[in-house]
Amino acid sequence: MTSVSSTPALIDPYAGGQATISYTLDRPADVTVRIYDDPANQLVRTLTLPGQSAGAHSTAWDGRTDAAAIAPVEAYYFTIKATDLTGRRG
């Protein structure tokens, strides 16, 4: 996986803002994006994206948790796990 980025740096989910997380896959893979509350290091959202083709992709986070509540005003970070058809992770 290459070219991982997120824009914009700040979002306002109360005003409909969202962050776009972009990445490029060098082979087809199932992708999981996990978003964590930075100070608490707590998982707040999991985005599951199965069957992604090789190439450039993006997904959006609207500032909501897995329970659909708007996440508190904090710093957040994300991780991306890509597992190809052979089970290799990237």
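Please refer to the structure placed before this passage.
This is a predicted model, so every value here is computed, not measured.

Asker: Residues and numbers for the side chain of His 57, please.
Answerer: For His 57, the position within the fold is in strand β5 (residues 55-61). His 57 sits in the buried class, given a relative accessible area of 18%. One polar contact links the side chain of His 57 to the main-chain carbonyl oxygen of Ser 53, over a distance of 2.6 Å. Dropping the residues within four chain positions of it, His 57 is found in contact with Ile 21, Ser 22, Tyr 23, Leu 25 and Gln 52.

Asker: Break down the nonpolar core for me, citing the residues and quoting the values.
Answerer: Tyr 23, Leu 25, Val 31, Val 33, Ile 35 and Ile 80 are the most contacted members of the largest nonpolar core, which totals 14 residues. Listed by contribution, the elements that provide at least two residues to this core are β2 (19-25), β3 (29-37), β4 (42-52) and β6 (76-84). Per element, the largest residue contribution to this core is 4 residues, and it comes from β3.

Asker: Outline the packing of aromatic side chains, listing residues and values.
Answerer: The relation between two aromatic rings is expressed through the spacing of the ring centres and the mutual angle of the planes. Evaluation of the coordinates by the stated rule reveals 2 aromatic pairs. Aromatic pair Trp 61 and Tyr 76: ring centres 5.2 Å apart, planes at 65°, arrangement edge-to-face. Of the two residues, Trp 61 sits in strand β5 while Tyr 76 sits in strand β6, which places them 15 residues apart along the sequence.

How each quantity is defined
Residues numbered from 1 in each chain as written. Predicted model: local features only at pLDDT ≥ 70, side-chain atom pairs only at ≥ 80, totals over all residues. Heavy atoms only, no water. Helix = DSSP H or I, 4+ residues; strand = E, 2+ residues; numbered from the N terminus. Buried < 20%, exposed > 50% of the residue type's maximum accessible area, 1.4 Å probe, protein only. Polar contact = N/O pair within 3.5 Å; in protein donor to acceptor, adjacent residues only side chain to side chain. Contact = heavy atoms within 4.5 Å. Core = buried A, V, L, I, M, F, W, Y, C linked by side-chain atoms within 4.5 Å. Phe/Tyr/Trp six-rings, centres within 6.5 Å; stacked < 30°, edge-to-face > 60°.

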